[in-house]
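For reference, the chains in residue letters:
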Amino acid sequence: MPINYYIFLALALFCIGVAGVLTRRNAIIIFMCIELMLNAVNLLLVAFSKMHYAAAVANAPGTIVGTDAQLFVFFIMVVAAAEVSVGLAIIVMMYRNTHSIDINFLNRLKH
Amino acid sequence: MNVIVLSAVWGVVMMFSGLFIADKSKAKYVAIAGLLVLLVANYFDLHHKFLFASSIGNMLQFESFGMIFVTIALLSTLLYVLLSGAAVEKVGNHAYEYFALLFFVLCGVGIAASYNNLLMLFLGIEIMSIPLYILTGADKRNLKSNEASLKYFLMGSFSTGIMLLGIVLLYGATGTFNLVIPAVSKASENMMVSAGIVLLAIALAFKVSAAPFHFWTPDVYDGAPTVFTSFMATVVKVAGFIAFVRLFENAFGGMTDVWQYTIALIIAATLIAGNITAVFQQSVKRMLAYSSISQAGFMLFAVYSVNAFAKEGILLYAAAYCLATIGIFAVLIKMKDFTFEGFNGLAKQQPLLALLVSIFVLSLAGIPLTAGFLSKYYMVLASIKAGGLLWLIITAMLCAAVSVYYYFRLIQAMYFKEGDANAIDVNPRFKALLVVAAVLIILLGVYPNALLLDWFHIL
């Protein structure tokens, strides 16, 4: 399959994530949309990794071109997990104080 | 390398000492010991003597620019802990953990100052940010602190997503994560590289709070516990700039036609938005948040003009800005009232403190004989050497003039208004440290070569 399809799929997922972040009001849903953005990037990384591998393996069999992108995916997963643990803790902390996770509550700092 | 490893290790040491030492007022001493260890480790780094033999596969590069910045960051953090360490312990019950998180941030600063690979850029920025989300929300019962941390977290991870997309597009076009971007030939690849550069610029502009991506900054800086605002607005912010400058110089320096004009527009927007809004603030803490945005505008000149002047200038700027802002925040923490009225008549009660705050403010405003003046001068000089745009430089000058207004309001409140402002528990040691900071600012202002020539070029 041509690489274009993967690029369009990943960009579509990314844009859905961005649109969700910008329009939704529920902190958890915003958070899920951010995760969607990160996973779109993961998908694109794997697709590009395969593309560069396929281009290189024709000339040099046994090449390791493209491995770095797949390793990058693991780093993104680890960082995303760290962010989830911190982010959910922050949301729970806010819920304890306001009994809501609606981000329209976040207007105390506006003057 | 030494600093990166040891700061992470010392973060763990801090957490364990929290288990074994019941007295939480000892936390700052453990932190100071850790910072001294890190400074020694940084000395070895500067001379390319690595205490840990490890193969890093060329993913990190320890050049003097980044390492000198790490020295500045460590010294600023040391000054910060010495001045405000007691205030960190008052934020909540977890003094050791707060300091541990500060050490993890320093680990991120070390990576951001020496990355040579986009993966390391990503990790460095994230390791800097994630502990800060926690520190922003450290005051758990305070709704403002909750709100600030949630906002910071959502904006931070959103910009991370944008940064990752930029990195991936660059990878797709070039097939490498290294900073040296190979030349691309096809039109589609060229487009992907351009899009990647723009996305990375947007994401980093988010992190250093440049307009039009600065909306989170005043709220987060205002809501976070004041001690942590001080750290966020100085060391972390400047580290973001070092990462920004290194990326655009090392990786995109040959493609200035793609991004230079965009950066110029961002600079103008940042300067205007930061300075104009700062004029209308009633709270000194919030004014400092906007002032940090306007200072970011000046620091962005280093990204705009990628040359040797810019690199020297951003180091001087980092030192001047960190010293002055940490000093002002240290005094602000001791005040009861954070508004401008809260400073009324401080000169009568605490003449020395008022004088020192005036020196810090003058340096931020860029008055000659202070380090702030020379660092702004260097930034503008660098952009002229890079063939800078005339309208941009004129905007910068006008904005610097506007900034004098809101900085001098603070001096006016302290010296010329009646009031009974007083700073609580100010001891002689605190004053002595502030005097050291002020003397450093003036020394750097009259003899900047101490930092730049003697240090930067010898190493």
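Preceding this section is the structure that the text describes.
Throughout what follows, the structure given in this document is the object of discussion. (Residues numbered from 1 in each chain as written. Chains lettered and ligands numbered in written order. Predicted model: local features only at pLDDT ≥ 70, side-chain atom pairs only at ≥ 80, totals over all residues. Heavy atoms only, no water.)

1. So, the overall build of chain B
Across its full length, chain B carries 18 helices and zero strands. Whereas a compact globule of 459 residues would reach a radius of gyration of roughly 23 Å, chain B reaches 21 Å, a difference of no more than 12%. The long-range fraction of contacts in chain B, counting pairs at least 24 apart against all pairs at least 6 apart in sequence, stands at 83%. Per element, the accessible surface of chain B, about 15,500 Å² overall, is 69% carbon and sulfur. (Helix = DSSP H or I, 4+ residues; strand = E, 2+ residues; numbered from the N terminus. Rg over C-alpha atoms; globule rule 2.2 N^0.38 Å. Contact = heavy atoms within 4.5 Å. Areas by Shrake-Rupley, 256 points an atom, 1.4 Å probe, with all protein chains shown as cover.)

2. Observations regarding the nonpolar core
One finds A:Leu45, B:Phe69, B:Phe122, B:Leu247 and B:Phe252 to be the most contacted residues of the largest nonpolar core, which totals 225 residues. With sequence-adjacent residues up to four places away left out, B:Phe69 is seen in contact with B:Val109, B:Ala113, B:Val235, B:Val238, B:Ala239, B:Ile242, B:Leu315 and B:Ala318. (Core = buried A, V, L, I, M, F, W, Y, C linked by side-chain atoms within 4.5 Å. Buried < 20%, exposed > 50% of the residue type's maximum accessible area, 1.4 Å probe, protein only.)

3. Comments concerning the packing of helix 11 (residues 284-304) of chain B against helix 16 (residues 390-416) of chain B
All names here are of chain B. Running from N to C, helix 11 and helix 16 point in directions that differ by 155°, and their axes come no closer than 11 Å. The angle between helix 11 and helix 16 falls in the class roughly antiparallel. At the point where helix 11 passes helix 16, the crossing takes the left-handed sense. On helix 16, the residues that touch Val284, Met287, Ser291, Ser294, Gln295, Phe298, Phe301 and Tyr304 of helix 11 are Leu392, Ala396, Ala400, Tyr406, Tyr407 and Leu410. (Axes fitted to C-alpha atoms, helices over the stretch in contact; angles between N-to-C directions. Parallel < 35°, antiparallel > 145°, perpendicular 65-115°, else oblique. Left-handed = near helix turned anticlockwise from the far one by under 90°.)

4. Examining the pattern of salt bridges
Residues and elements named next belong to chain B. For the structure on display, the rule yields 10 salt bridges over all chains. Ionic pairing is found between Glu89 and Lys28, a salt bridge with its closest N-O pair at 3.5 Å. Here Lys28 lies in helix 2 (residues 27-46) and Glu89 lies in helix 3 (residues 64-91), a separation of 61 residues in the sequence. Taken as a pair, Glu89 and Lys28 share a single burial class, namely buried. Of the charged contacts, one joins Glu126 and Lys207 as a salt bridge, the two residues approaching to 4.0 Å between their closest N and O atoms. Placement of Glu126 in helix 5 (residues 118-136) and of Lys207 in helix 7 (residues 187-207) is noted, with a sequence separation of 81 residues between them. An identical accessibility class is assigned to Glu126 and Lys207; each is buried. (Salt bridge = Lys/Arg side-chain N within 4 Å of Asp/Glu carboxyl O.)

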